[in-house]
Amino acid sequence: MNGLQAVIENPQALITLGVLLLAIVLFITGGLAPELTGLLSVSLLMATGVLPPQKALAGFGSPALITLMGLFAVSAALFKSGALDRLRELISFESINTPRRLIGILGLVVAPISGIVPNTPVVASLLPVIEAWCVKRNFSPSRVLLPLSFATLLGGTLTLLGSSVNLLVSDISAQLGYGSLELFSFTAIGVPIWLIGTAYLLLAPQSLLPDRGREKSDFGSKPEQSGYFTEVTIPIDSDLVGQSLHNSRLQRRFDVDVLELQRGKERLLPPLADRTIEPGDRLLLRVTRSDLLRLQQEHTVQLAQRSFSNDSLKTFERFVVEGQKTVEVLLPSGSTLAGASLRELRFRQRHNATVLALRRGQQTVQERLGQAILHEGDVLLLQAPIDSIRGLQASNDLLVLDQLENDLPTVTRKPIAIAIAIAMILFPSFTDLPLVASVLIAVVAMVLGGCIRPAEVQRSIRLDVILLLGSLSSFSVAMQSTGLADAFARGLEYWLEGLPTYASLLVIFFSTTICTQLISNAASVALLAPVAIQLASVMNLPPSALLMTVLFGASQAFLTPMGYQTNLMVFGPGRYRFLDVTRYGAGLTLLMTLTVPLLILWQYQ
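Calculation rules
- Residues numbered from 1 in each chain as written.
- Predicted model: local features only at pLDDT ≥ 70, side-chain atom pairs only at ≥ 80, totals over all residues.
- Heavy atoms only, no water.
- Helix = DSSP H or I, 4+ residues; strand = E, 2+ residues; numbered from the N terminus.
- Contact = heavy atoms within 4.5 Å.
- Core = buried A, V, L, I, M, F, W, Y, C linked by side-chain atoms within 4.5 Å.
- Buried < 20%, exposed > 50% of the residue type's maximum accessible area, 1.4 Å probe, protein only.
- Axes fitted to C-alpha atoms, helices over the stretch in contact; angles between N-to-C directions.
- Parallel < 35°, antiparallel > 145°, perpendicular 65-115°, else oblique.
- Left-handed = near helix turned anticlockwise from the far one by under 90°.
- pLDDT = per-residue confidence, 0-100.
- Expected span 1.5 Å × (residues − 1).
- Phe/Tyr/Trp six-rings, centres within 6.5 Å; stacked < 30°, edge-to-face > 60°.
- Patch = residues over 30% accessible without salt bridge, like charges linked within 9 Å, V, L, I, M, F, W, Y side chains within 5 Å.
- Areas by Shrake-Rupley, 256 points an atom, 1.4 Å probe, with all protein chains shown as cover.
- Salt bridge = Lys/Arg side-chain N within 4 Å of Asp/Glu carboxyl O.
- Pairing = 2+ DSSP bridges.

K.L.:
Which parts of the structure should I look at to understand the environment of Pro270?
P.N.:
Looking at where Pro270 falls in the secondary structure, it is placed in the loop between β3 (266–268) and β4 (282–287). The contacts of Pro270, once residues within four sequence positions are left out, are Val258 and Leu259.

In structure tokens form, the structure reads like this:
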């Protein structure tokens, strides 16, 4: 009661409460993008005088946020160098032929990788590989994609680098005066959680994962989701020569479908698995851009004449100008150019590039290009100066499918990239080098080692995540400084009075978990961490124990598709329904709710 009266008598606490409620409504309803909700909240706290700009914006310059920015670049370098190619090949092994065996790989191999590499790019990289695995073995993707998301969530709490939320908790701990977290601060709790969670994924009844079938189409999935259609030839020194397609690394390591084989004047259609590859064979592939460039760099294949017809190319020869280059560009999913015509976009003036042809699916459109409405998945044949093409590479609206010099994947740099990543982890563990310094040094080393180019460093940084985390840390400071956190803590203390410490931790953990299902886990941490810390003295636990309770509660997003981004990433490809996630994740949530408080008591008492 005293806490409520203190809030009513403090105008700044009332303002903070109002901003807090507004943010929760926007997070739940999706009225604004999460990062915009965060920016609105921090701006209102500054405009009303609750926080001075220096405190409100301190999160944007925090070591945790700078660490995360560097980690995005290191992850991009690892993926570009092919550091996870072996994992993708492991998934395609013949012995991995049942959903349960694949789930075992996800839990025991993929999850630990998510403790070092952020889980979102891990899921993005493996999603097409697992979809191809399902097509090849005639399993529904719904049998394995949710375990992929859950496995990366379990692995994300193994180290400080595993999730952006881990770094946010470290930042909040530092701002509230309890110091930053170390790289392995919660590994002692994270390892048992990972093992217990993996055991659940392996032993849970398969009936909890429904068979939702898969989309039926000529090529297995939509072009914009499955990649780029192109023709390649087999050089005489290719390591594919003499192998059957079934046994070749084309389909064991890479996400590639062979749709047609041309040998001389003979055209062969699927099934092609038992066909032996010969020099000079021409293959029509469905392949992602990164895999295509990697195959070409390793001299496994060579790009054939462009997939547009020869007649079309002859028509375009008169446009070829010295100093310009003809390239193909793809409109990726989410491109802001989709839905408008080239004329409306003033494409030529805007990008200094001439559109020579447009391909939609397997059809080439050559008439009235200016009036053609662009769709996601369209491929444009462009002619432009090299500098203009480089400008297109920095755009999120267009994906340049052709290579320019120095644009190939750096597979020859794979050992360098892996060595730099290992050093990045070991140096802060065994020396006094701060983690943020180690990550930034690793970024520079990746660039100097040729693992990633400076322009790609900039493109790898997720601005939406940076804006959200940087702005949300202001909530914790405002709640602490206005007494709102203390008031909430007193109310929570009233409800927890008389309960054992284990039961109190269980309530805090479960409350955070439920909150995470409704709003982002970062928002849950920012709102609940300062409240939970106030209960530390009452429960005779160090503040770090309550921070860990909130952190692990916010990481258990197993009940709704909106709980975490990776859940949403697999929701569509798996053709899941809302309750499918709840049904499969309820048992894991219950298991974690009972286990995590015990582990925290074991660690801190």
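K.L.:
I'm lost on the nonpolar core in this one. Help?
P.N.:
Soluble globular proteins: nonpolar side chains tend toward being buried together. Judged by nonpolar contacts, the single largest core of 132 residues is most densely connected at Ile130, Leu148, Phe150, Met446, Phe475, Val525 and Leu546. Ranked by residues supplied to this core, first place goes to helix α5 (residues 63–80) with 10 residues. Filtering out sequence-adjacent residues up to four positions away, Leu148 remains in contact with Leu106, Val110, Val123, Leu126, Ile130 and Val570. The next biggest cluster of nonpolar side chains, apart from the first, holds 20 residues, and it includes Phe347, Ala353, Leu380 and Ile389.

K.L.:
Mind showing me how you'd approach the side chain of Ser555 here?
P.N.:
Position of Ser555 relative to the elements: it lies in the loop between α26 (543–554) and α27 (565–571). For Ser555, a relative accessible area of 9% gives the class buried. Leaving out residues up to four positions away in the same chain, Ser555 has contacts with Leu153 and Thr157.

K.L.:
Any chance you could explain the packing of α5 against helix α10 (residues 164–175) here in plain terms?
P.N.:
Geometrically, a packed helix pair is captured by the angle between its two axes and the distance between the axes. At their nearest, the axes of α5 and α10 sit 8 Å apart, and the two run at 160° to each other. Considering the angle they form, α5 stands roughly antiparallel to α10. Handedness of the α5/α10 crossing: right-handed. Contacts from Ala64, Thr67 and Leu68 in α5 reach Ser164, Leu167 and Asp171 in α10.

K.L.:
Looking at this structure, how should I read helix α9 (residues 145–155)?
P.N.:
Spacing of three or four residues puts side chains on the same side of an α-helix, whose turn is 3.6 residues. With 11 of 11 residues buried, α9 is to be regarded as a mostly interior element. Turning to α9, its buried residues number three or more, namely Leu145, Leu146, Pro147, Leu148, Ser149, Phe150, Ala151, Thr152, Leu153, Leu154 and Gly155. The elements touched by buried residues of α9 are α7 (99–113), α8 (119–137), α11 (187–203), α27 and α28 (578–604).

K.L.:
Would you mind going over the confidence of the model for the protein with me for this structure?
P.N.:
Any region with low pLDDT has predicted coordinates that should not be read closely. Of the residues in the protein, 83% reach a pLDDT of 70 or more, and the chain-wide mean stands at 79. When the criterion is pLDDT under 50, residues 216–227 qualifies, and its contacts beyond four places in sequence or with other chains add up to 15 contacts. Contacts of residues 305–322 to residues separated by more than four positions or lying in other chains number 29 contacts, the stretch itself having pLDDT below 50.

K.L.:
How do you make sense of α5 when you look at a structure like this?
P.N.:
Here α5 is 18 residues long and its end C-alpha atoms lie 26 Å apart, about the 26 Å a rise of 1.5 Å per residue gives. Where burial is concerned, most of α5 is hidden: 14 out of the 18 residues are buried.

K.L.:
Please clarify how the packing of aromatic side chains should be interpreted in this entry.
P.N.:
Two measures describe an aromatic ring pair: the distance that separates the ring centres and the angle between the ring planes. With the rule as written, the count across this model stands at 5 aromatic pairs. The interplanar angle of 90° and the centroid separation of 6.0 Å between the aromatic rings of Phe186 and Phe552 together place this pair among those described as edge-to-face. With Phe186 in the loop between α10 and α11 and Phe552 in helix α26, this residue pair connects regions lying 366 residues apart in the sequence. These aromatic residues form a ring-pair network of at least three members: Phe150, Tyr200, Phe558 and Tyr584.

K.L.:
Please clarify how a nonpolar patch on the surface should be interpreted in this entry.
P.N.:
Where nonpolar side chains cluster on the molecular surface, the patch consists of Ile28, Phe510, Ile514 and Leu518 and spans about 350 Å² of accessible area. Among the elements that line the nonpolar patch, the one with the most residues is helix α24 (residues 501–518), at 3 residues. Looking at the secondary structure, you find Leu518 in helix α24.

K.L.:
Hey, could you run me through the pairing of β4 in this one?
P.N.:
Each regular strand carries side chains that alternate between the two faces of the sheet. In terms of burial, β4 is a largely internal element, 5 of the 6 residues being buried. Note: strand β2 (residues 256–263) against β4, 6 bridges, orientation antiparallel. Each residue of the ladder has a partner; that of Glu260, found in β4, is Leu284.

K.L.:
Just to check I follow, could you spell out the pattern of salt bridges for this structure?
P.N.:
Side-chain pairs of opposite charge can arise whenever the charged atoms involved come near each other. Counted by the stated rule, this structure contains 3 salt bridges. Between Asp281 and Arg263 there is a salt bridge, with its nearest N and O atoms 2.7 Å apart. With a gap of 18 residues between them, Asp281 in the loop between β3 and β4 and Arg263 in strand β2 connect regions that are remote in the sequence. The salt bridge partner of Arg583 is Asp580, with a shortest N-O separation of 3.0 Å. Taken together, the residues span about one helical turn, with Arg583 and Asp580 both in helix α28 at a distance of 3 residues.

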